[in-house]
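Single-letter residue listing:
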Amino acid sequence: GVAAQPSTAHARLVGAAAPDFEADFAVNGKSLSPAKLNCKVVLLTFCDVRSSSSVALLSPLNEWDKAYKAKGLAIVGVTFYPSDIGQSIAFDREAGAVKTVAKADRKSDRALLGAFAAYHKVGFLLMALSKQHALDTYDAYAVNGIPQVVLIDRKGVVRLIDVGGAKTSASVESEFKKLLAEN
């Protein structure tokens, strides 16, 4: 097939300083901004618990987290509170899937993210952004498909953007291995 060409917004981001942002909740650690991960290669994954493509990406992300965390790779999942956009959902641990519920709020969304991460054995940081912070951050990173992976080098420069798995996991892995080897 024909390789997807990066959008103009993505082309402008690659080679530029990674936009910073703050989240107010995190699973598997404390909420932090990408700038606080200086000296690490950062792999941001913009995801949605309702997206089968986001769930499918968890397997390689979990493998990479285990294999490369000690070598300087920081994987950070970035999502939003579903209730902020009118979604009343919870995580059904028995079915291993998201389900609709009568009422949801940020507290139940936090429980949903925790249950989702536990079920899928997510060991990396998974952060939730409030609606306005999510809109601003998704705009700053030109997120136009979920999942979207953004690779940031040790100097805080965006080096690769992959939307919806258009690039193979092998090419993303190859690129961050190169970045890990750089000093």
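This text goes with the structure placed above it.
The notes below deal with the structure included here.

Cut-offs used in this document
Residue positions within a chain follow its written sequence, with the count starting from 1. Local features in this predicted model are restricted to residues whose pLDDT is 70 or higher, and side-chain atom pairs enter the listing and the counts only when it is 80 or higher, whereas totals over whole chains, interfaces and linings include all residues. As a rule here, side-chain values cover all heavy atoms of the structure and leave hydrogens and water aside. Secondary structure elements follow DSSP: runs of H or I of four or more residues count as helices, runs of E of two or more count as strands, with numbering from the N terminus. The buried label goes to any residue with under 20% of its type's maximum accessible area, the exposed label to any with over 50%, and the partly exposed label to all in between, with areas taken from a 1.4 Å probe on protein chains only. For this analysis, residues touch if any pair of their heavy atoms sits within 4.5 Å. Surface accessibility in these figures is a Shrake-Rupley result with a 1.4 Å probe; residues are shielded only by whichever protein chains are displayed. The charged-residue count follows a simple rule in which Lys and Arg add positive charge and Asp and Glu add negative charge, with His and chain termini not counted at all. The location of each charge is read from NZ of Lys, CZ of Arg, CG of Asp or CD of Glu. What the arc measures is the spread of directions leading from the helix axis to the C-beta atoms.

### Topic: the overall build of the chain
Scanning the chain from terminus to terminus reveals five helices and eight strands. Secondary structure elements in the chain, listed N-terminal to C-terminal, are α-β-β-α-β-β-β-α-β-α-β-β-α. Across the 183 residues in the chain, those meeting the buried criterion constitute 46%. Partitioning the intrachain contacts of the chain with sequence separation of at least 6 by distance along the chain shows that 70% fall at a separation of at least 24. Surface summary for the chain: the accessible area is close to 9200 Å², and the carbon and sulfur share equals 53%. The chain carries 22 positive and 18 negative side-chain charges, and their two centres are separated by 4 Å.

### Some remarks on the environment of K155
By secondary structure assignment, the location of K155 is in the loop between β7 (148-152) and β8 (158-163). It is 9.4 Å that separates the C-alpha atoms of K155 and A35, two residues lying 120 residues apart in sequence.

### A word on helix α4 (residues 131-140)
Along α4, the positions that sit buried rather than exposed are A134, T137 and Y138. Buried residues of α4, viewed axially, fall in a sector of 95 degrees; they line one side. Check the buried side of α4 and you find it contacts β2 (41-46), β3 (73-80) and β6 (125-129).

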